[in-house]
Amino acid sequence: MIWRPFTRQSERLTFRRFKRADAKALPALLDDWQVAKWLSRTPFPYSHQDGRDWIRISRSVLRRRRGYSLAIIETDSKQLIGGLGLSTETGEIGYWLGRDHWGKGYATETVNMITQLGLVDSDMPKLWAMVMPGNGASKRVLEKVGYLSPGTRPHRFRGGEQSAHYYHLQQWEWQAAI
Ligand SMILES: CC(C)(COP(=O)(O)OP(=O)(O)OC[C@H]1O[C@@H](n2cnc3c(N)ncnc32)[C@H](O)[C@@H]1OP(=O)(O)O)[C@@H](O)C(=O)NCCC(=O)NCCS
């Protein structure tokens, strides 16, 4: 497994751990219902304190080696544009981008990176994600990378339980595809 110091690059993006100085940029991205409404636990409205709390949690996830919780940086502009998570305990992945950064293929680039990190570099047998009905963009991203959905499952979502689309990808399927 690869832990700290962790930085990974894709064609246009840099993935690194959150810095304390990122806290003030988070509300500009996440205090937006069009983003938060698809995320299971993200507070809304989203305050500067929520940003500080998130950075503390995210750094602790890395420190305790429970997984990767990373900032997504647009390499050219050096701007923070989103975040991603990969639990090496459960195999769950997650990702989000600020609304100004949608539609440029960035999530697909991100999910490709997470998948390589989980299934190859961390030698995990399977990764999975839960997607709420109606989140067509997220389903499309997972499908483009090769994830398959066998159906729906109950999922804890924003304080309740809802039926969500379960997507998964096995290590052997990814290795056969690359
Ligand atoms: C989901 C999200 C990460 C996608 O980011 P993105 O960078 O715009 O995604 P990409 O550009 O890589 O790919 C999006 C794909 O979905 C398609 N798409 C966009 N809106 C769609 C919709 N409503 N229905 C179906 N497909 C849609 C795009 O056309 C594109 O597919 P294409 O390349 O075949 O044209 C972004 O919308 C987001 O952060 N949403 C809020 C948080 C979230 O939903 N996170 C995931 C939780 S499971």
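Preceding block: the structure.
Residues numbered from 1 in each chain as written. Predicted model: local features only at pLDDT ≥ 70, side-chain atom pairs only at ≥ 80, totals over all residues.

1. Digging into the site of the ligand
Note the cut-off: Here is the check we use: build the C-beta atom from the backbone, and if it is within 6 Å of the molecule or strand, call the residue near. Put simply, Ala, Val, Leu, Ile, Met, Phe, Trp, Tyr, Cys and Pro go in the nonpolar bin, Asp, Glu, Lys and Arg in the charged bin, and everything else, Gly too, in the polar bin.
Around the ligand, the surrounding shell holds 21 residues, and the nearest of these are Trp38, Ala107, Thr108, Gly136 and Arg140. Split into classes, the residues belonging to the shell around the ligand amount to 13 nonpolar, six polar and two charged.

2. Remarks on the pairing of strand β3 (residues 67–74)
For the record, the criterion: Three exposure classes are used. Buried residues have 20 or more other C-beta atoms within 10 Å of their own C-beta, exposed residues have 12 or fewer, and partly exposed residues fall in between, all C-beta atoms being placed from the backbone. Going along the chain from the N terminus, every DSSP run of H or I of four or more residues is numbered as a helix, and every run of E of two or more is numbered as a strand. Only strands that DSSP links by at least two bridges are regarded as paired with each other.
Counted residue by residue, β3 has seven buried out of eight residues, so it is predominantly covered. As judged from the five bridges shared by strand β2 (residues 13–17) and β3, these two strands associate in the antiparallel manner. Within the sheet, the bridge partner assigned to Arg16 lies in β3 and is Ala71. Two successive antiparallel strands, β3 and strand β4 (residues 79–87), enclose a turn made up of four residues, where Lys78 displays a positive phi of approximately 60 degrees.

3. Quick look at the nonpolar core
Quick note on the threshold: For this analysis, nonpolar core means a set of buried Ala, Val, Leu, Ile, Met, Phe, Trp, Tyr and Cys residues linked through C-beta atoms within 7 Å. Here, residue contact means that the backbone-derived C-beta atoms of the two residues sit within 7 Å.
Ile72, Leu84, Val111, Ile114, Ala129 and Leu142 are the most contacted members of the largest nonpolar core, which has 41 residues in total. The element best represented in this core is helix α4 (residues 106–121), accounting for seven residues. Excluding residues that lie within four positions of it along the chain, Ile72 makes contacts with Leu13, Phe15, Ile81, Gly82, Gly83, Leu84, Leu97 and Thr110.

4. Concerning the environment of Gly83
As for its position among the elements, Gly83 is in strand β4. Among residues more than four places away in sequence, those in contact with Gly83 are Leu70, Ala71, Ile72 and Trp96.

5. Side note on α4
To keep things clear, this is the line we draw: Here a helix's expected span is defined as the number of its residues, less one, multiplied by 1.5 Å.
Its 16 residues give α4 an end-to-end C-alpha distance of 21 Å, which sits within 8% of 22 Å, the value for a rise of 1.5 Å per residue. Residues of α4 that are buried: Tyr106, Ala107, Thr110, Val111, Met113, Ile114, Thr115, Leu117, Gly118 and Leu119. One or two positions beyond α4, positive phi appears at Asp123, with a value near 55 degrees.

6. Digging into the sheet that holds β3
In sheet architecture, strand pairing relies on hydrogen bonds along the backbone and comes in two forms, parallel and antiparallel. Stated formally: Geometry is summarised by axes, namely lines fitted to C-alpha atoms with helices restricted to the contacting stretch, and by angles between N-to-C directions that run from 0 to 180 degrees.
With antiparallel pairing, five strands are arranged side by side in an open sheet as β1-β2-β3-β4-β5. The open sheet terminates on both sides in strands that have one partner only, identified here as β1 (7–9) and β5 (93–97). Each strand axis lies, on average, 20 degrees off the axis of its neighbour in the sheet, ignoring direction. Sheet strands in contact with helix α3 (residues 48–63) are β2 and β3, and its direction is about 125 degrees off that of β3.

7. Examining the packing of α4 against helix α5 (residues 136–145)
Note the cut-off: When describing relative orientation, an angle under 35 degrees is termed roughly parallel and one over 145 degrees roughly antiparallel, while 65 to 115 degrees is termed roughly perpendicular and anything else oblique. Helix crossings are classified by the rotation of the near helix relative to the far one: an anticlockwise turn of less than a right angle makes the crossing left-handed, while a clockwise turn makes it right-handed.
At a minimum axis distance of 9 Å, the contact between α4 and α5 shows a crossing angle of 50 degrees. Taken as axis vectors, α4 and α5 run oblique relative to one another. Both α4 and α5 take part in a crossing whose hand is right-handed. Every residue of α5 that contacts α4 at Ala107, Thr108, Val111, Asn112 and Thr115 is listed here: Val141, Leu142, Lys144 and Val145. For the contact of α4 with α5, the per-class residue count stands at five nonpolar, three polar and one charged.

8. A short note on unusual backbone geometry
The peptide bond linking Phe44 to Pro45 adopts the cis configuration, its omega dihedral lying at -5 degrees. Among the secondary structure elements, Pro45 is positioned in the loop between α2 (33–36) and α3. For Arg65, which is not glycine, the phi dihedral falls at a positive 60 degrees. With respect to the helices, strands and loops of the structure, Arg65 is situated in the loop between α3 and β3. Positive phi is not limited to glycine here, since Arg158 has a value of about 45 degrees. Looking at the element boundaries, Arg158 is found in the loop between β7 (148–157) and β8 (160–170).

Any link to function would need more than the numbers given here.
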